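Breakdown of the fold
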Amino acid sequence: MNALDAVVEIFSWLGFGAGLLLLIVAVILWAADGTWLPAEGWVDHDESGATVRWYDGDGDANSAQLTPSEASAIGGRDRVPLWYRHGWRDRMRLTRRPPGLIPVLWAAGAAVALGVVTLVLSWVLIFVR
């Protein structure tokens with residue numbers, strides 16, 4: 001039983017420690033991403049690809065060439081909701097949050113879940129004896 005207790009204890013510390021570290025990384029990613037504001041974009045489809053144009057909060061016109069993955073995500077639509085970078089020209093994306101943030105949050109949640117499960121298991125082992 002002592003070996004099982006040690007393994008459970010190690011995994012609980014690893015789960016909570018890794019979860020905390022990944023949550024700190026997520027906060028850093030979120031803060032470093034800056035401010036992105038919503039807008040409605042008009043899509044121009046031509047032989048060289050798709051270009052989206054929009055007006056920002058200051059009334060300035062912006063445009064950006066879509067990547068092939070972004071163009072396939074919007075399909076043949078002529079209008080798309082987008083997020084543009086506040087204070088920058090011609091920077092936009094189709095998602096509100098940065099692409100790397102969601103996997104980091106899922107990994108943090110999984111690590112914290114591992115910590116919780118092993119902590120509960122250690123309590124169960126205490127009461128079983």
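Calculation rules
Residues numbered from 1 in each chain as written. Predicted model: local features only at pLDDT ≥ 70, side-chain atom pairs only at ≥ 80, totals over all residues. Heavy atoms only, no water. Helix = DSSP H or I, 4+ residues; strand = E, 2+ residues; numbered from the N terminus. Expected span 1.5 Å × (residues − 1). Buried < 20%, exposed > 50% of the residue type's maximum accessible area, 1.4 Å probe, protein only. Contact = heavy atoms within 4.5 Å. Patch = residues over 30% accessible without salt bridge, like charges linked within 9 Å, V, L, I, M, F, W, Y side chains within 5 Å. Areas by Shrake-Rupley, 256 points an atom, 1.4 Å probe, with all protein chains shown as cover. Salt bridge = Lys/Arg side-chain N within 4 Å of Asp/Glu carboxyl O. pLDDT = per-residue confidence, 0-100.

The end-to-end C-alpha distance of helix H1 (residues 2–33), which contains 32 residues, comes to 46 Å, matching closely the 46 Å that a straight helix rising 1.5 Å per residue would cover. Looking only at H1, the buried set comprises Val8, Ser12, Gly15, Gly19, Ala26 and Asp33. Of the surrounding elements, those touching the buried residues of H1 are strand E1 (36–46), strand E4 (79–85), strand E5 (92–93) and helix H3 (101–128). Looking one or two places after H1, you find Gly34, whose phi comes out positive at around 85 degrees.

A word on a nonpolar patch on the surface. Taken together, Phe16, Val116, Leu119, Val120, Leu121, Trp123, Val124, Ile126, Phe127 and Val128 make up a surface patch of nonpolar side chains, about 940 Å² in accessible area. Counting residues per element, the nonpolar patch draws most heavily on H3, at nine residues. The residue Val124 is located in helix H3 in this model. Note on Val124: relative accessible area 42%, which makes it partly exposed.

Where the model shows low pLDDT, its predicted coordinates should not be examined in detail. Overall, the predicted model of the protein reaches an average pLDDT of 89, with 99% of residues at or above 70. Taken element by element, the protein is modelled with least confidence in helix H2 (residues 68–74), mean pLDDT 82, and with most confidence in H3, mean pLDDT 94.

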